[in-house]
Structure formats: structure tokens, C-alpha cells
Amino acid sequence: GQQVMQIPQYQHVQEGEDFTTYCNSSTTLSNIQWYKQRPGGHPVFLIQLVKSGEVKKQKRLTFQFGEAKKNSSLHITATQTTDVGTYFCAFHGGATNKLIFGTGTLLAVQP
Amino acid sequence: SAVISQKPSRDICQRGTSLTIQCQVDSQVTMMFWYRQQPGQSLTLIATANQGSEATYESGFVIDKFPISRPNLTFSTLTVSNMSPEDSSIYLCSVGTAGNTIYFGEGSWLTVV
């Protein structure tokens, strides 16, 4: 079935450093969503991208959808300890158009 | 966004027993889903809870193991039957919106011993 790989699986940064996670699909996606899950918490919706080449910003977070709509990235500028958590991309796919989650990237931020 | 309450939030269960998780939403929603998140893993959709009819299960999940009820537009239950340690997971209730985004409850953390 459709799968989306995220890289890296894990990233450890010093506070203030930048961070990027990438989401790659073998097929064209209709849209891509990003979620954040804090340790011990539940996933929280961050954003949805729909258009080819779309770029959206939320404060220090920049989300990008590739021109071919097969990949996406989330970039955090100047990480803070509050950024700790697992970031998942997700897309609608499969026979039932269900929301399929990527493998996730766990971000650790050292103060 | 909807407020989603799940009970229990956490439980330790004996193998061979069954546990029912409740999900209450503060508004009527059309789409409700149940996800499973095994330790250190991503989220996997178990089924779509349909109001007034049988749930739609994803590949690898069956009704006998995960019976689901959805008596109205604000409430659903998921039962994990005949539990084994492999069922130790977070079980997440979620609701869909017209914009195709998903909002999650706080999850039910189950440990089977």
C-alpha cells in the first residue's frame, strides 16, 4: 500500500539550532498534513498543504510541499525545548481515502 | 475544534480479558475514527466508526477482536477483546472535519500483563 517515509527517524539538537524533517512518498499526494505529538501526549494537527510548491509559516515553523507533490518538509528555526516531540506527516490515501501517517521524526532538544 | 474525552486514560489489564474504551465528543460529528499507536511507532487506523451501522475495519483488524459501537453522533466505544501483551498500545479516538483534518482525544494507554 501507499507509504510515506520520514527522515530522520530521530534528531538531537542543541537549543537554538535549526531542525528539518522530510516526508517522502513514491506516489503523488493530494495533500499533506503535519502533526506534533509531545511525549506522553496525543497528536495535534499543525497544518495542511494542498498546492504544488506551497509554503506556509507558523512562527518558527516553515512547511513546504514539493513541486511534484511527492514530498514535504517541516523546518524549525532556532529550536526551543518546547519543540520536543514527534512530528508526523500524514496524507489521505488507500481505497478508503483514510489518513495515513508517516513514520515520524522524534526531536530532542538539549538546553 | 471539538473537545474529545476518552476513558479510561490509562489501564493495566490481565491477558485474556477485554476492555472497553469510551469516546465522548462535545458536538455532533460525522466522522469518528479509532487509531492504535504501539510503543515508539506511528499511528495505524483500526476502523471508522459509523453511526447506526457496522464499523469499517482496515486491513489487519477484525470486528471480533475490536468491536466498535457508535450509537449516536457524539459517542463511540472500542473494545479490545481477549487481550495479549501485543495489544499494549495507545488507543486514540479521533474525529474528522470538513477540511479533512483529524482531531485526537488524549488517548487510552493500555498495558497488558
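This structure is a prediction, so every number in the text was calculated from the model and none was measured.

Conventions used here
Residues numbered from 1 in each chain as written. Chains lettered and ligands numbered in written order. Predicted model: local features only at pLDDT ≥ 70, side-chain atom pairs only at ≥ 80, totals over all residues. Heavy atoms only, no water. Contact = heavy atoms within 4.5 Å. Buried area = accessible area lost by both parts, 1.4 Å probe. Salt bridge = Lys/Arg side-chain N within 4 Å of Asp/Glu carboxyl O. Polar contact = N/O pair within 3.5 Å; in protein donor to acceptor, adjacent residues only side chain to side chain. Helix = DSSP H or I, 4+ residues; strand = E, 2+ residues; numbered from the N terminus. Nonpolar A, V, L, I, M, F, W, Y, C, P; charged D, E, K, R; others polar. Pairing = 2+ DSSP bridges. Axes fitted to C-alpha atoms, helices over the stretch in contact; angles between N-to-C directions.

Novice: I keep staring at the interface of chain B and chain A and nothing clicks. Help me out?
Specialist: A common way to report how large an interface is uses the accessible area buried once the components associate. Between chain B and chain A, the residue contacts involve 17 residues of the former and 17 residues of the latter. Buried area between chain B and chain A, summed over both chains or domains, comes out near 1400 Å², and the portion from carbon and sulfur atoms is 58%. Put simply, A:K98 and B:E58 hold a salt bridge, and the shortest N to O gap is 2.9 Å. Linking chain B with chain A are five residue pairs in polar contact (both at pLDDT 80 or more). At the level of elements, β4 (32-37) and β10 (102-104) of chain B are the ones that each hand at least two residues to the side of chain B that touches chain A. The biggest single contributor to the side of chain B that touches chain A is β10(B), with three residues. Among the residues forming the side of chain B that touches chain A, the class breakdown is eight nonpolar, seven polar and two charged.

Novice: Help me understand the sheet that holds strand β3 (residues 19-25) of chain A, please; the structure alone is not making it clear to me.
Specialist: Backbone-to-backbone hydrogen bonds join strands into a sheet, with any given pair of strands oriented parallel or antiparallel. Residue and element names in this part refer to chain A. Taken in spatial order, the five strands make up an open sheet running β1-β3-β8-β7-β6, and their pairing is antiparallel. Here the strands that pair on one side only, and so sit at the sheet edges, are β1 (4-7) and β6 (55-58). Looking at each pair of strands side by side, their axes are set apart by 15 degrees on average, direction ignored. Sheet analysis places β3 next to strand β8 (residues 71-76), joined by six bridges and oriented antiparallel.

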